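# A look at the structure
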Amino acid sequence: MSTHHSPQPLHFNAFVMNTTSHIHHGQWRRPDAGQTEFTDVNTWINLAQTLEAAKFDAMFFADVVGHYGDADADYSVYVNEGLQIPSNDPTVLLGALAVSTEHIGLATTSNVFQSHPFQFARQLSTLDHISGGRIAWNIVTGTQDNGSRNFGLPRLTDHAERYAWAAEYVDVTYKLWEGSWDEDAVVKDRDGSRYSDPAKVHKINHVGQRYSVEGPHLPPPSPQRTPLLYQAGSSASGRDFAARNAEAVFIIAANPEIARQQIEDTRRRAVEAGRAPEDIKFFQGLSFVIGETEEEAQRKLAEYEQYASVDGYLAHAALVDPEGRVYPPETPLKDLETNTQRGFSEWVSKAITDREPVVADIAWRSHRNNRIVGTPEQIADHLQEWQAAGVDGINVINWVIPGSFEEFADQVLPVLRERGLAQTEYTLGTLRQKLFGRDRLPHTHPAAQYRGAFADLEESVPAGV
Ligand SMILES: Cc1cc2nc3c(=O)[nH]c(=O)nc-3n(C[C@H](O)[C@H](O)[C@H](O)COP(=O)(O)O)c2cc1C
């Protein structure tokens, strides 16, 4: 079931994190690495403007709320490496980026246990207002014991339970975003002394297993109402969640064939959930080593390799057993019984067929398999292969900020544009308008069931109070 017809422009997200060492560990030591200055808001404003000039679709901030690995063990490797600690909150940063840009999408990551859904829904509605509808939310369920303990949980909640939690969490936010305020509730009637019409502002009265939220939502409807929904789980339950909720799914498939399987499987699940296959766009994460010649690209690769931190990659990929202890790197993947990133290990196991895949392969895969080394023309050829496998967009993973994105914009995007593989202008309007040609979620999305759903449930509110 391939739904793609080339040539279609691919979408491009700049994958970043409000920290020093996000994915390519050790590179912060390069003299041209601007990510060491991540606390300086101008680092991000300048990058956002560079990306916007290059017509990137969105700037996508990853986030975690703790350190990886064994929560009871020494965590100095993460601190030494600057590996996602220290980090600043991406959601707050988006306010500054929204007022410094006009077109580019702004995506933040927020875990379902880090913030109450009422508070979180209000923050994202506010950002969607500030940005004119350019906000996306990457819905994550957590992978860390330490991150869970920072929010009062004893440890990372069980995998299936995390997705059940996420299901209730998004349900609360959908009710607030889609159902609480009617479209024409704000009247600004000066003569009649009515700012909003009480008959059109509804409590949601959500009572569930984990949350009880009365409403109404405090912000009025924002341009997108529900922000564009990103998700990145790749296990079976992660794909079910994505199939039901996500509009963009992030994958880090080891090759186009695996991407094709993952995409087709998630699209099939989306159809089962009553959605259209094209309601979800798939973004493959890749990094690029770009040279005018192959030799130059190889020289640059050797330089990146020199800075690469083996300790950093292994510490980032650390998988823990049911007691929270880190599995040694040589553990066969088939022996894993892990509650954390299941989807990753499943797909690595599929990618390695000539020997027994082990835990260390997960670290090497993120370093080696998902980079494309070559001239802009060779890179464009590779991207065409990913597109032919059903990929709609690329999450560009950086080595250094802003250099990796500047190179991509100056050298690769022009070649892609010649081939019709990258957009030349922004579509005006919201992020959802740019990606899907509509401002609001389609009626087949589960959030849409709440439109108008609360109007009859309440006592009529006296007007003019
Ligand atoms: C490209 C990509 C980006 C991700 N970004 C984050 C992130 O920023 N924060 C986070 O907590 N998890 C992140 N994850 C992890 C997933 O959201 C998910 O929790 C993880 O893959 C485990 O779910 P699964 O077992 O269904 O695969 C990311 C995963 C991928 C593939």
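Please refer to the structure higher up on the page.
Everything quoted here is computed from the prediction, not taken from an experiment. (Residues numbered from 1 in each chain as written. Predicted model: local features only at pLDDT ≥ 70, side-chain atom pairs only at ≥ 80, totals over all residues. Heavy atoms only, no water.)

### Concerning the packing of aromatic side chains
The condition that has to hold: Side-chain rings of Phe, Tyr and Trp, where Trp is taken by its six-membered ring, are said to pair if the distance between their centres is within 6.5 Å; with planes under 30 degrees apart they count as stacked, over 60 as edge-to-face, and otherwise as tilted. The way it works is that DSSP assigns letters per residue, a run of H or I at least four long becomes a helix, a run of E at least two long becomes a strand, and they are numbered from the N terminus. Note on classification: 1.4 Å probe, protein chains only; a residue is buried when its accessible area is under 20% of the maximum for its type, exposed when over 50%, partly exposed between these limits.
Scanning all chains against the criterion turns up 22 aromatic pairs. Ring centres 6.0 Å apart and planes at 75° place the aromatic pair Trp137 and Trp177 in the edge-to-face group. Of the two residues, Trp137 sits in strand β4 (residues 135-140) while Trp177 sits in helix α6 (residues 159-179), which places them 40 residues apart along the sequence. For the pair Trp137 and Trp177, one class covers both residues: buried. The interplanar angle of 75° and the centroid separation of 5.9 Å between the aromatic rings of Tyr169 and Tyr211 together place this pair among those described as edge-to-face. One end of the pair, Tyr169, is in helix α6; the other, Tyr211, is in the loop between β7 (206-207) and β8 (212-213), and 42 residues separate them in sequence. For Tyr211, a relative accessible area of 9% translates into the label buried. Among the aromatic side chains, those forming a connected cluster through ring pairs are Phe12, Phe56, Phe288, Phe405 and Phe408.

### Looking at the layout of surface pockets
Spelled out, the test is: Cavities and pockets were defined on a 1 Å grid built from protein atoms only: a cavity is a group of points that admits a 1.4 Å probe but offers it no way out, a pocket is an open group of points flanked by protein on both sides within 12 Å along at least five of seven lines, and a lining residue is one with an atom within 4 Å of any such point. Grid points are joined across faces, edges and corners, and a volume is the space filled by probe spheres set on the points. Lys, Arg, Asp and Glu make up the charged group, whereas Ala, Val, Leu, Ile, Met, Phe, Trp, Tyr, Cys and Pro make up the nonpolar group; the residues left over, Gly among them, are polar.
What the second largest pocket holds in volume is close to 270 Å³. Taken together, 19 residues make up the lining of the second largest pocket; nearest its centre are Tyr78, Leu314, Ala315, Ala318 and Val326. Mapped onto the lining of the second largest pocket, the elements with two or more residues apiece are α2 (76-81), α10 (310-316) and α12 (359-369). The residue makeup of the lining of the second largest pocket, split by class, is 15 nonpolar, one polar and three charged.

### A look at the nonpolar core
Test applied: The criterion is simple. A nonpolar core is a set of buried Ala, Val, Leu, Ile, Met, Phe, Trp, Tyr and Cys residues joined through side-chain atoms within 4.5 Å. Any pair of residues with heavy atoms lying within 4.5 Å of one another is described as a contacting pair.
Formed by 83 residues in total, the largest nonpolar core has its most connected members in Phe12, Phe56 and Met59. Top contributing element to this core by residue count: α6, with nine residues. If sequence neighbours within four positions are ignored, Phe12 has contacts with Phe56, Asp57, Ala58, Leu383, Ile394, Val396, Phe408, Leu413, Leu416, Leu421 and Ala422. Among the nonpolar cores identified, the runner-up in size contains 23 residues, and Phe15, Met17, Ile23 and Ala62 belong to it.

### Side note on a nonpolar patch on the surface
Applicable threshold: The patches reported here contain residues having more than 30% relative accessible area and no salt bridge. Joining distances are 9 Å for like charges and 5 Å for nonpolar side chains (Val, Leu, Ile, Met, Phe, Trp, Tyr). Working definition of accessibility: Shrake-Rupley area with a 1.4 Å probe, residue cover restricted to the visible protein chains. For salt bridges, the criterion is a side-chain nitrogen of Lys or Arg within 4 Å of an Asp or Glu carboxyl oxygen.
On the surface, a cluster of nonpolar side chains totalling about 260 Å² of accessible area is made up of Tyr75, Val79 and Ile85. Topologically, Val79 is positioned in helix α2.

### So, helix α13 (residues 376-388)
What counts, and what does not: To estimate the expected span of a helix, count its residues, drop one, and scale the result by 1.5 Å. The arc in question is the one traced by the directions running from the helix axis out to the C-beta atoms.
Taking 1.5 Å of rise per residue, 13 residues should cover 18 Å, and α13 covers 18 Å from first to last C-alpha, within 8% of that figure. Every buried residue of α13 is accounted for by Pro376, Ile379, Ala380, Leu383, Trp386 and Gln387. Burial along α13 is one-sided: seen end-on, the buried residues are contained in an arc of 115°. Looking at the buried side of α13, the elements it contacts are β1 (11-17), α8 (256-272), β11 (281-290), β12 (371-374), β13 (393-397) and α14 (403-418).

### A word on unusual backbone geometry
Note on backbone geometry: most residues besides glycine have negative phi, and most peptide bonds are trans. Here the amide bond leading from Gly215 into Pro216 is cis, since omega sits at 0°, within 30 degrees of zero. Note the cis peptide between Ile401 and Pro402, where omega equals 0°. A positive phi is found at Lys55, a non-glycine position, where the angle reads about 65°. Following the sequence through the fold, Lys55 ends up in the loop between α1 (41-53) and β2 (58-62). Phi is positive for Ser193, close to 55°, though the residue is something other than glycine. Residue placement: Ser193 occurs in the loop between β5 (186-189) and β6 (194-196). In this structure Ser193 comes out as exposed when scored by relative accessible area, which is 63%.

### Some words on the side chain of Glu407
Note the following rule: We define a polar contact as two N or O atoms separated by no more than 3.5 Å, with the added condition that, inside protein, one atom must be a possible hydrogen donor and the other a possible acceptor, whereas residues neighbouring each other in sequence contribute only through side-chain atom pairs.
By secondary structure assignment, the location of Glu407 is in helix α14. At 2.5 Å, the side chain of Glu407 and the side chain of Lys300 are in polar contact. Other than its neighbours up to four places away in sequence, Glu407 contacts Ile290, Lys300, Tyr304 and Val412.

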